[in-house]
Each structure stands twice: as structure tokens, then as C-alpha cells.
Amino acid sequence: MTEVLDVSRVKADFPIFERKVNGKPLVYLDSASSSQKPRSVLDAMEHHHRHHYANVHRGIYTIAEESTAAYEGARAKVAKLLNARATGEIVFTKNITEAMNLVAYSWARKNLGPGDPVVISEMEHHANVVPWHILVEERGVELRWIPITDDFQLDLTDLDRLLDGAKLLSVTAMSNVLGTLNDIRLLSDAAHAAGALVNVDAAQAVPHLPVDVQAWDADFVGFTGHKMLGPTGLGGLWARAELLDAMPPFLGGGEMITDVRFDGFEPNEVPWKFEAGTMPFVEASGLAAAIDYLSALGMDAVRAHEKQLTEYTLRALEERFEDRLHIHGPRDVDQRGGAISFLFDRIHAHDVAQVLDEDGVCVRASHHCAKPLMRVLGVPATTRASLYVYNDESDADALVESLAKAEKFFAI
Amino acid sequence: MPGLEDLYREIILDHYRSPRNRGELPVPPATKAEGFNPLCGDEVVLYLDIDPDTATVRDVKIDGQGCSISQASTSMMSSAVKGKPVDEARKLIRAFKALMSIHESKLEGESDGSDLTAELDGVRLGDLEALQGVVKFPVRIKCATLAWNTLQQGLDERESVDA
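Residues numbered from 1 in each chain as written. Chains lettered and ligands numbered in written order. Predicted model: local features only at pLDDT ≥ 70, side-chain atom pairs only at ≥ 80, totals over all residues.

Trainee: For the overall build of chain A, give the residues involved together with the corresponding values.
Mentor: From N to C terminus, chain A includes 14 helices and 17 strands. Radius of gyration (C-alpha) of chain A: 22 Å, near the 22 Å computed for a compact globule of 412 residues. Classification of the 412 residues of chain A by burial places 51% in the buried group. In chain A, 71% of the contacts between residues at least 6 apart in sequence involve partners at least 24 apart. (Helix = DSSP H or I, 4+ residues; strand = E, 2+ residues; numbered from the N terminus. Rg over C-alpha atoms; globule rule 2.2 N^0.38 Å. Buried ≥ 20, exposed ≤ 12 C-beta atoms within 10 Å, placed from the backbone. Contact = placed C-beta atoms within 7 Å.)

Set out below in C-alpha cells:
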């Protein structure tokens, strides 16, 4: 196999792979939950702390200006990565969950009322389910669900009927459980034709694929930094500028105002209108370094690498375990990313993960914050291995060997 | 570093592979209690037939699904309380939780070895002691205690009905 990424060099950039777990090399297959960090990201945050730590947008002194420039520079890098029309279309939030809640609490609360339909899908993460459930309770909006097919795709048979009268379509670009890639442009076109806006959960897409918000023709796109080599505590929302302009503030406090009087306040301009209080600006320097790192690899190369490795991993699992192991997700790697969920017939996901941990193999065993999807799949939980830039065939091989051990251990 | 054999003792795997007392009981006269562990999706459905005259657990049946630890613990619990007086079953619950380092009247980290002896209160745990290794795997403690919390819930419900 020709390698599109020099993974041994990539791996060497991540200090955590210097450690061992239970005396074995660390096999990290849980990047869909949170990714590891390259040295450049850790260094960027340390540099910010050591050299120009000061609160942003406040001080009239050199290091405060440097700190502000770094923070706004990070925003510009995100805008470029997502191909936003303007830097001001990027609002920083705590994570994508907060970005989804920003859409729900600010845009939807202002624009949706009783009976207004919001369309989501059965493969959504709780971050794109619960904010809408809250609005169902609070505003009486109607929640509609796009079902999934037996081959783990969105079932678009009744899409027109589901979108009829809808105000918002809110879907994931890539399922964190199934790995399924959804055709956002097709969904955007259908939603816009029905008069609905489009909100995209791109938590799994932005770290792994070239994402172009204009090509998607979306209205809102949420992402999070810690799944894309950046630190925890910083994610964001891209939205069309005119939508952000018209949206009321979400959280009130410092920085999000231009004036506060005894009888009211004037909100700040977009995007700062939505950034109340001291933001994680040191983490923004880390995110900027993460984007530099990914851009140097090239998002096309990242995607090509993960496609190759996903194919290798799926084939290895099939050859070794045949039909004893069920893979919950599309088989065609053109239709999926590197989040691979699976279950043995008679072995619980947690027991599998426990055996793997003894071999230093880190996988996730849970409902992956997608309980409606677990109900559709008819399973309480799955084990999920997820791939990223620092994984290679040796990681897939370690997974397969450790799974064979688990199967033997729990043999009936 | 605790090894797999600390967690998955042979008797635990035996109960997991061949769970005891599987089935259902008609409700009423039996009491049904359900326990759920949202983290792993473990589920325990417990049917308790309690003889009101002798305050004895006449029969126990269990249903549900989950990981080996939760299912083995449920099976072992059912064997341990079947035929036992209710107050003895309650003592077993306390003793089992003490085994799992859960001391209801204390804050975490305050316990010392003497608590365990006190809370065991002369109760013989027998095979259940095989589950002690779970303590070394903190995220799995909830798997082991699910059956016992469900039992407690079932006994409490029964008592409130009888009261």
C-alpha cells in the first residue's frame, strides 16, 4: 500500500506515544471521542502562557495586544479552514455542544414557535438532539426524525414530507457511531427548497475531511477543537453573517456588550456578541497550531489516509472474525469515515474494551451519546475504534489481535 | 496494575455463561424491580416472591442484559438471597456494598479496614467475594452493584406495599 501520510513521522510528533500502557505501546483508537495533541499544539499554548499572557480585547499594553492578535489570528485560521466568507462568521464557544445550544437558544428561540418543525436524524449525537427536546418542551416545536436504512444511511425516501413546513434541518456530516458520511449539499438543497435553514454537526467531519461551508451551502456549522488535535475547552460555530447579525445574544456578560446602562445594554458586534466573559484564548493559540499541523499534512491527505486505513481495518476484522463480529456502519469507505463500531454476538462492549485495555488498546465502549441510534440498532452499546492521522496498520493489527484474545477469553 | 484475572474470576465467568434463576414470576403476587446503568446500558429486571408470613424470599427470577460483571453479579445475588429471610437479604446488600468500598454513612476515602468487618456484621459472602476484584476497576463497580441496588429497591417497594 502506498502511504499518503508518513505515519511514523506523524506519530513522533505526539509526545503521548512515548509512554507505555501496561508495558505495551499505546494504541490510541478513540480519536472520535478526543484526539491526541502534537508537540506544536502544546508548545503554542506554553508559548502563549510564557510570552504574551494577558486578557484579550482589554488592555492597552503590548502583551495584551499580542494576546488579542493571537486569539483573532486563530479565528482567521478557522475561517480559512472552513472556507467561511469572512472571519467574523466564526464564533468561538466552549465546544460543539455549546455551538448547537447557541443555535437552539439564540436563533431557534427567536424564530421558532409552537408546531414549527425541526428535522433531525436518528443518527444524531445527543448534542444535536437534547437542545431540540428542550425547545419541544419550552416552545412546543415539533421534532421530526429522518430514519436510517439497514445499510446505515439516512433514509431519504420521505425527506420531502419530513421537510414540508420545516424551519430547520439539523444533521450530522459524519456519524460518530456509524462513521456514515452524509451528503450535506444534497440535504441543504432539499431543506432550502422547503424553506428550512440547515445546521450541521461537523464535530467528526472537520477533523477528518476537507470541509467547505460554502460548498455545503449550510447556514450553521458547529465544530470542536479537541477532536482535531487542538485543546479542550474551545470549539465554535460558523454561521452566515446575516444570521449572526439578526440573532440575539446567548450568554450575557463581559465582552459581549458595547454599553451597559441602568436600564439595559447594547450588544457588541458579531462575533463578539456571542463571546461572553473571558474566552479560552490560550487554547485558541493551541487550536491555531492544530490547524497549521493539519493544513501542513493537507486535509485531502488526511482523508485519503483514513480511507485506506479504514479499508485495511474493516478487511482485517472481516477476515479474522467473519460473521461473529457485527460492524455497525457502511462497508464502502467512500461512504464512511474512520469511526468503526462493532459488537460480538455474545460479548458485551464493555468486556471487550476491558480486555483491550490490558493490551494498551484504547477503544470506546458505550452508547456514544447517541441513545436514539442505539435503540434503532437494537443494542445497548457498541465498542468503537476510531482512526486518525497518527494511526497505522500496526494499530489495526493490534486491535484485531486483542479482539481475538477477548473472543477467546469470553468463549461460551 | 491489576490484571484481567483479578476482575474476571472463574466463578464470575461461570455465572455469566450459565446465569442462575433466569426467568419471570407473575406480578402480583411477585414484586418486579428494574435497574438500569445508563453508562453501559446494563439492565436488571428482578422478580421477588416474598412470603409475607415468614418474611422470606421464597423465589427470585432475573431478566435483562448487560456486561459479564453486571450479569454475573445479578446471578450470584439471586442465588445468595433465594430462600433467605428478608432481613438477612438486607444485611447481604450492606455487606456487598461494603465489599465494593461503598460505605453509606461515610464520605469516600474515609473508610479503613475496620469498617468492612463492622459492616459485614457476621454475614458470610461466600462466592460473592470473587467480585471483590471489581474494586480495582472503579468504572466497573456500578456494574457489580446494579443487581444489589435493584434488590434493595424491590425489597423497599414490597415493604411499602405490605405496610
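Having seen the structure, we can now continue with the description.
Trainee: Which residues make up the overall build of chain B, and what values go with them?
Mentor: Secondary structure summary: chain B contains 6 helices and 3 strands in total. The buried share of chain B, taken over its 163 residues, is 36%. Intrachain contacts of chain B at a sequence separation of at least 6 include 72% that bridge at least 24 residues.

Trainee: So what about the interface of chain B and chain A? Which residues, and what values?
Mentor: Taken together, the 12 residues of chain B in the interface contact 14 residues of chain A. Of the residues contributing to the side of chain B that touches chain A, the split by class is 6 nonpolar, 5 polar and 1 charged. (Nonpolar A, V, L, I, M, F, W, Y, C, P; charged D, E, K, R; others polar.)

Trainee: So what about the environment of A:L287? Which residues, and what values?
Mentor: On the secondary structure map, A:L287 appears in helix α10 (residues 281–297). Separated by 246 residues in the primary sequence, A:L287 and A:V41 have C-alpha atoms spaced 7.1 Å apart.

Trainee: Describe helix α3 (residues 68–81) of chain B, listing the residues and the values that go with them.
Mentor: Over its 14 residues, α3(B) runs 20 Å from end to end, which matches the ideal 20 Å to within 8%, given 1.5 Å per residue. Positioned one or two residues after α3(B), B:G83 has a phi angle of 85 degrees, which is positive. (Expected span 1.5 Å × (residues − 1).)

Trainee: I'd love a proper account of the sheet that holds strand β2 (residues 42–51) of chain B, names of residues and values included.
Mentor: All names here are of chain B. Sheet architecture is open: 3 strands sit in the order β1-β2-β3, paired in antiparallel fashion. The sheet terminates laterally at β1 (31–37) and β3 (56–65), the two strands that pair on one side only. Averaged over all pairs of adjacent strands, the angle between strand axes in this sheet comes to 20 degrees, irrespective of strand direction. Examined bridge by bridge, β2 and β3 share 9 bridges and lie antiparallel to one another. Bridge pairing in β3 links E43 to Q65. Strands in contact with α3 are β1, β2 and β3; relative to β3, the strand with the most contacts, it is inclined by about 165 degrees. (Pairing = 2+ DSSP bridges. Axes fitted to C-alpha atoms, helices over the stretch in contact; angles between N-to-C directions.)

Trainee: An account of the pairing of strand β11 (residues 257–261) of chain A is requested, with residue identities and associated values reported.
Mentor: All names here are of chain A. Judged by how many residues are buried, β11 sits mostly at the surface: 0 of 5 residues are covered. Across 4 bridges, the pairing between β11 and strand β12 (residues 264–267) is antiparallel. Within the sheet, the bridge partner assigned to R261 lies in β12 and is G264. In this structure, the hairpin formed by β11 and β12 is closed by a connection of 2 residues.

Trainee: How would you explain the packing of helix α11 (residues 299–321) of chain A against helix α14 (residues 393–409) of chain A if you had to name every residue and give the values?
Mentor: Axis angle and axis distance: for two packed helices, these are the angle between their axes and the distance between the axes, and together they describe the pair. Residue and element names in this part refer to chain A. Where α11 meets α14, the closest approach of the two axes is 10 Å, and the angle between their N-to-C directions is 25 degrees. Here α14 runs roughly parallel to α11, going by the angle between their axes. Where α11 crosses over α14, the handedness of that crossing is right-handed. Taking contact as the criterion, the partners of L309, Y312, T313, A316, L317, R320 and F321 in α11 are, on α14, E393, A396, D397, V400, L403 and A404. A class-by-class count of the residues in the contact of α11 with α14 yields 9 nonpolar, 1 polar and 3 charged. (Parallel < 35°, antiparallel > 145°, perpendicular 65-115°, else oblique. Left-handed = near helix turned anticlockwise from the far one by under 90°.)

Trainee: An account of the environment of A:V213 is requested, with residue identities and associated values reported.
Mentor: Residue and element names in this part refer to chain A. Checked against the element boundaries, V213 lands in helix α8 (residues 213–216). The class for V213 is buried, based on 25 C-beta atoms found within 10 Å. Distance in space between the C-alpha atoms of V213 and I184 is 9.7 Å, their sequence separation being 29 residues. Those residues in contact with V213, other than ones at most four positions away along the chain, are L82, N83, A84, A218, V221 and W238.

Trainee: Any chance you could break down the sheet that holds strand β7 (residues 168–172) of chain A for me, citing the residues and the numbers?
Mentor: Strands belonging to one sheet form pairs held by backbone hydrogen bonds; the direction of such a pair is parallel or antiparallel. Residues and elements named next belong to chain A. Across the sheet, 7 strands lie side by side as β4-β10-β9-β8-β7-β5-β6; this open sheet has mixed pairing. With one partner strand each, in any of the chains shown, β4 (90–93) and β6 (142–146) form the two edges of the open sheet. Sheet twist, expressed as the mean angle between neighbouring strand axes with direction ignored, is 20 degrees. Running over the sheet, helix α5 (residues 130–139) touches β5 (117–121), β6 and β7 and is turned about 145 degrees from β6.

Trainee: Can you explain the nonpolar core? Please cite residues and give values.
Mentor: Residues and elements named next belong to chain A. Among the nonpolar cores identified, the biggest contains 163 residues, and L169 and V200 are the most heavily contacted of them. Broken down by element, this core gets its largest block of residues, 10 residues, from α10. Excluding its chain neighbours within four sequence positions, the residues that come into contact with V200 are V171, A173, I184, W216, A218, F220 and V221. (Core = buried A, V, L, I, M, F, W, Y, C linked by C-beta atoms within 7 Å.)

Trainee: Go over α10(A) with me, naming the residues and quoting the values.
Mentor: Residues and elements named next belong to chain A. With 17 residues, α10 should reach 24 Å at 1.5 Å per residue; the first-to-last C-alpha distance of 25 Å fits that figure. Burial of α10 is extensive: 13 of the 17 residues sit out of reach of the surface. Directly beyond the C-terminal end of α10, a positive phi value near 95 degrees is found at G298.

Trainee: Outline unusual backbone geometry, supporting the account with residue identities and numerical values.
Mentor: Residue A:V270 is joined to A:P271 through a cis peptide bond whose omega torsion reads 0 degrees. Relative to the helices and strands, A:P271 resides in the loop between β12 and α10. The step from B:P28 to B:P29 runs through a cis peptide bond, and the omega angle for that step is 10 degrees. The topology assignment puts B:P29 in the loop between α2 (10–17) and β1. Despite not being glycine, A:F152 shows a phi value in the positive range, around 65 degrees.

Trainee: So what's going on with the pairing of β1(B)? Residues and values would help.
Mentor: All names here are of chain B. Pairing geometry for β1 and β2, over 7 bridges, is antiparallel. Counted as the bridge partner of G35 is V44 from β2. Here β1 folds back onto β2, and the loop between the two strands holds 4 residues, one of which, G41, carries a positive phi near 75 degrees.

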